[in-house]
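Coordinate inspection notes
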Number of protein chains: 2
Amino acid sequence: MTKTPDATRRSDRSRRAILDASLVLVGEVGYNKLTIEAIAARAGVGKQTIYRWWSSKAEVLLDASLALAGEAGAEAGWTGFPDTGDLAADLKAVLRATVDEFADARYEAPVRALTAAGATDPELGARFTQRLLEPQLALYEARLRSAREAGQLPAGTDLRLTVEMLVGPLTYRWLLRTAPLTHGFADALVDRVLAGVGYVTAGRPDSR
Amino acid sequence: MTKTPDATRRSDRSRRAILDASLVLVGEVGYNKLTIEAIAARAGVGKQTIYRWWSSKAEVLLDASLALAGEAGAEAGWTGFPDTGDLAADLKAVLRATVDEFADARYEAPVRALTAAGATDPELGARFTQRLLEPQLALYEARLRSAREAGQLPAGTDLRLTVEMLVGPLTYRWLLRTAPLTHGFADALVDRVLAGVGYVTAGRPDSR
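In the nomenclature of an unreviewed UniProt entry, chain A corresponds to TetR/AcrR family transcriptional regulator from the organism Streptomyces katrae.

1. Some details on unusual backbone geometry
In the Ramachandran plot, Arg177(A) falls in the positive-phi region, its phi being about 50° despite a non-glycine side chain. Within the fold, Arg177(A) resides in the loop between α8 (159-176) and α9 (183-196).

2. Concerning the environment of Val99(B)
Residue and element names in this part refer to chain B. Within the fold, Val99 resides in helix α5 (residues 87-102). Taking the relative accessible area as the measure of exposure, Val99 reaches 5% and is therefore buried. Along the backbone, Val99 and Trp174 are 75 residues apart, and their C-alpha atoms lie at a distance of 8.6 Å. Look past the residues within four positions of Val99 in its chain and what remains in contact with it is Leu170, Leu181, Thr182, His183 and Ala186.

3. Some points on the UniProt feature "domain: HTH tetR-type" (unreviewed entry) in chain A
Under the UniProt annotation, the feature "domain: HTH tetR-type" (unreviewed entry) is placed at residues 12-72 of chain A. Between the C-alpha atoms that bound residues 12-72 of chain A there is a distance of 20 Å. The span itself is 80% helix and 0% strand.

4. Overview of the packing of aromatic side chains
In this structure the tally under the stated criterion is eight aromatic pairs over all chains. Taken together, a centroid distance of 6.3 Å and an interplanar angle of 40° make the contact between Phe102(A) and Tyr107(A) tilted. For the pair shown, Phe102(A) and Tyr107(A) are each scored as buried. Centroid distance Phe102(B) to Trp174(B): 4.1 Å. Interplanar angle 5°. Geometry classified as stacked. Separated by 72 residues along the polypeptide, Phe102(B) in helix α5 and Trp174(B) in helix α8 (residues 159-176) bring together distant segments of the chain. We note that Phe102(B), like Trp174(B), is buried. Three or more aromatic residues joined by ring pairs form one cluster here, namely Phe102(A), Tyr107(A) and Trp174(A). Stacked on the ring of Trp53(B), the Lys or Arg Arg15(B) has its end atom at 5.1 Å from the ring centre.

Basis of the calculations
- Residues numbered from 1 in each chain as written.
- Chains lettered and ligands numbered in written order.
- Predicted model: local features only at pLDDT ≥ 70, side-chain atom pairs only at ≥ 80, totals over all residues.
- Heavy atoms only, no water.
- Helix = DSSP H or I, 4+ residues; strand = E, 2+ residues; numbered from the N terminus.
- Buried < 20%, exposed > 50% of the residue type's maximum accessible area, 1.4 Å probe, protein only.
- Contact = heavy atoms within 4.5 Å.
- UniProt positions renumbered as here; feature names shortened; annotations may be inferred.
- Phe/Tyr/Trp six-rings, centres within 6.5 Å; stacked < 30°, edge-to-face > 60°.
- Lys NZ or Arg CZ within 6 Å of the ring centre and 35° of its normal.

Structure follows, in structure tokens:
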């Protein structure tokens with residue numbers, strides 16, 4: 001049976017309501033206490049509607065987080081990892097945008113709850129890392145690779161290590177709240193990391 | 001009333017059993033599901049014995065974690081942050097020891113459970129950061145300061161940023177399990193971070 005346009009619209013609205021409800025709730029009560037029942041109640045749908053599309057709360061949250069990451073990018077006018085030719089400027093733009101996202105509770109609370117849940121639940125953590133985190137890390141890696149191919153990074157640069165030197169300290173400061181997460185921190189981090197891996201602009205060694 | 005030597009020994013044994021039980025249990029069931037009742041049962045003491053010394057499970061775990069960190073250091077023959085004059089070697093020794101600790105489930109499981117719990121419980125997180133994390137970060141910072149005073153780091157080096165560039169990527173890889181935590185990773189991280197902040201040995205710029 002083919003769906004009518006109205007039924008498709010209702011479906012889309014329900015899906016959207018379910019994803020939104022799951023994000024708000026996981027930020028409020030944490031992953032462990034989140035239930036499909038509560039998501040259904042908050043979204044104004046029946047439990048069976050959720051189970052028609054998803055097999056577990058983890059699956060709902062995976063899709064919700066992917067949608068959220070996409071929206072955060074769209075709101076920031078993001079059309080892919082920037083590549084202006086200036087690696088330092090591009091990385092600073094991305095890390096500053098990440099700092100801004102983490103300052104927004106709508107985004108921050110669910111991501112924090114899922115990161116914490118994944119840290120102690122290896123299976124959940126592996127799924128989130130694979131579907132959410134790795135695709136993001138791959139974008140950083142691709143940008144660094146293009147800089148390496150342009151001769152701005154030494155041929156032997158360990159791209160994975162470089163990516164983790166960028167996102168690691170930022171994630172650490174965010175998750176453990178050891179100090180304020182600011183644009184200045186993002187900028188200083190990019191400058192020091194690039195100096196550390198031997199970044200050169202226009203063929204000249206980066207000035208310190 | 002003064003305690004007899006026997007009573008003191010019994011007290012010490014009970015405290016030790018309680019701290020040990022809290023660490024094993026938090027690794028097994030996580031922070032949220034941990035109860036004073038379960039700690040008492042596992043330690044073979046009454047609940048009232050625990051409440052005589054601690055006001056909450058968070059306080060028990062704080063003391064247990066501090067004791068654990070002390071023991072891990074003692075087992076590694078640790079008598080303070082190494083200062084051989086060779087900053088790179090000293091930092092590699094410490095980060096390698098951290099990699100080894102994280103490979104030991106006795107240490108890893110409770111620290112992971114507490115880190116995750118602190119990430120989503122701001123009050124708990126602040127207490128653990130203040131009592132456990134900050135004292136450790138301060139040791140790194142002191143070592144970097146002595147290198148700066150010895151002229152091995154530029155006068156303007158941001159010590160806090162440098163510390164987070166070292167512990168951030170290591171914590172990230174450990175907590176999110178994005179890649180294996182190895183001595184090679186620790187060494188490469190130290191080399192790149194020190195190059196990034198302009199480390200010089202014996203007055204010569206660090207070779208890349």
